[in-house]
Amino acid sequence: MSIEKFSIEKVLSVHRWTNTLFSFTMTRPAHFKFTAGQFARIGLKVGDDLVVRAYSVVSSPFDETLEFFSIVVPDGAFTSNLQHLKVGDELYLEKIPYGFLTLARYQLPLPQDLWLLATGTGLAPFISMLQDFETWSKYKKINLVYSVRTASELAYVDRIQEIAEQFGEGHTGFKFIPIITRDPHAALHDRLPILIENGELEKAADLHFNVETTHVMLCGNPQMVDDTKAALKARGLTMNRRGEGNIAVENYW
Ligand code: NAP
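All values reported here derive from a predicted model rather than from experimental measurement. (Residues numbered from 1 in each chain as written. Predicted model: local features only at pLDDT ≥ 70, side-chain atom pairs only at ≥ 80, totals over all residues. Heavy atoms only, no water.)

### A word on the site of the ligand
Around the ligand, a shell composed of 17 residues is seen, among which Ser-147, Arg-149, Thr-181, Arg-182 and Arg-191 lie nearest. One of the backbone nitrogen or oxygen atoms of Met-224 is found 3.4 Å away from a nitrogen atom of the ligand. Secondary-structure elements contributing two or more residues to the shell around the ligand are strand E8 (141–148) and helix H7 (222–234). If you tally residues by element for the shell around the ligand, the top one is H7, at three residues. (Near = heavy atom within 4 Å. Polar contact = N/O pair within 3.5 Å; in protein donor to acceptor, adjacent residues only side chain to side chain. Helix = DSSP H or I, 4+ residues; strand = E, 2+ residues; numbered from the N terminus.)

### Here we look at the layout of surface pockets
Taken as a whole, the second largest pocket holds about 210 Å³ of empty space. In this structure, the second largest pocket is lined by Thr-35, Ala-36, Pro-61, Phe-62, Thr-102, Leu-103, Ala-104, Met-129, Asp-132, Glu-134, Thr-135 and Lys-138. In terms of residues, the lining of the second largest pocket owes the most to one element, helix H3 (residues 133–138), which gives three residues. A per-class count over the lining of the second largest pocket returns six nonpolar, three polar and three charged. Looking at the lining of the second largest pocket, you find at least three residues from each of domain 1 (1–92) and domain 2 (101–249). (1 Å grid on protein atoms, 1.4 Å probe; cavity = no way out; pocket = protein on both sides within 12 Å on 5 of 7 lines; lining within 4 Å. Points joined across faces, edges and corners; volume = space filled by probe spheres on them. Nonpolar A, V, L, I, M, F, W, Y, C, P; charged D, E, K, R; others polar. Domains from an automatic or database assignment.)

### Concerning the environment of Arg-41
Within the secondary structure, Arg-41 sits in strand E3 (residues 39–46). Accessibility expressed as a relative area gives 23% for Arg-41, which makes it partly exposed. It is 7.3 Å that separates the C-alpha atoms of Arg-41 and Pro-97, two residues lying 56 residues apart in sequence. Here Glu-94 takes part through its side chain, which lies 2.7 Å from a polar atom of the side chain of Arg-41. (Buried < 20%, exposed > 50% of the residue type's maximum accessible area, 1.4 Å probe, protein only.)

### Digging into the side chain of Asp-132
Position of Asp-132 relative to the elements: it lies in the loop between helix H2 (124–130) and H3. A distance of 3.0 Å separates the side chain of Asp-132 from the backbone nitrogen of Glu-134, its partner in a polar contact. With sequence-adjacent residues up to four places away left out, Asp-132 is seen in contact with Phe-62 and Phe-167. (Contact = heavy atoms within 4.5 Å.)

### A short note on the pairing of strand E11 (residues 247–251)
Here strand E10 (residues 214–220) pairs with E11 via five bridges, running parallel. Across the sheet, residue Met-217 finds its bridge partner in E11, namely Ala-248. The handedness of the E10 to E11 crossover, carried by H7, is right-handed. (Pairing = 2+ DSSP bridges. Right-handed = clockwise from strand over helix to strand, strands pointing away.)

### A word on the domain arrangement of the chain
Domain parsing of the chain yields domain 1 (1–92) and domain 2 (101–249). One C-alpha centre belongs to domain 1, the other to domain 2; they are set 25 Å apart. The interface of domain 1 with domain 2 comprises 22 residues on the first partner and 18 residues on the second. Interface area for domain 1 against domain 2, summed over the two sides, is near 1,500 Å², with a carbon-plus-sulfur share of 64%. Three residues, Trp-17, Val-58 and Phe-69, lead the burial of domain 1 against domain 2; their summed loss comes to 35% of the area buried on that side. Where domain 1 touches domain 2, the interface holds one salt bridge. Ionic pairing is found between Arg-159 and Glu-67, a salt bridge with its closest N-O pair at 3.4 Å. For the interface between domain 1 and domain 2, the tally reads six residue pairs in polar contact (both at pLDDT 80 or more). Counting residues per element, the ones that place at least two in the side of domain 1 that touches domain 2 are strand E2 (21–27) and strand E5 (65–71). (Buried area = accessible area lost by both parts, 1.4 Å probe. Salt bridge = Lys/Arg side-chain N within 4 Å of Asp/Glu carboxyl O.)

This is the structure we're talking about:
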């Protein structure tokens, strides 16, 4: 891997949500331009090696710093080192962003109803998209659906409310819908494909999936992405290709 492809940035803050979930911010070089929903490639020196992983950007393209949301993968070469991150540490940032999970990819159907379906750290790109006034002005309905195993893993809940107030001021069509899969007492506790098949997700959102009006984005656990895609296709929705279609996806690892 050529080191010239990277700039060296500094960690500005670290926030720990649980023992295995944390967020961090770092300096953003002027050359690093991205669209909400894209990911960055971040490098960490482990001994003499540069270990690189992809991370969706949490912050908005208008922010002066970059924020990321990470899980500690047991025995993972990258995150087991990254979890010890502290303010002032150096990280490598590849100079260009990647990825096509952006709202700009949708041409038809025209924007009306937006469903953002995330598991775990797959929430990141959606937080970025919601910090853009254009998202709120384009869509009449926005449902942010966030599936985690336990309530303690529900990161960013307060931020989501703040973002909805700040960016969606006056918008009446936003719903935040948490799913807690290992808490049988949670209002929604089945996995996403089941909630789509049995109609519970649409009931919670008070909105139906509709081939003429739905844009639906999936990000997170690769198996969730596959299974949820299948459940949505069974409802008549189509993959977005060359601008047309309902479903856009990103595997988070
Ligand atoms: P996770 O297992 O992805 O679970 C998060 C949520 O997704 C839970 O609500 C879970 O439901 C649900 N889910 C899992 N499989 C699903 C499926 N097929 N369909 C629908 N929903 C599904 O948990 P996590 O804590 O985010 O990640 C777990 C492990 O994934 C980590 O320990 C790590 O090894 C790996 N991971 C790696 C990276 C990476 O960058 N390398 C990033 C994230 C995660 P259930 O409770 O029913 O399982």
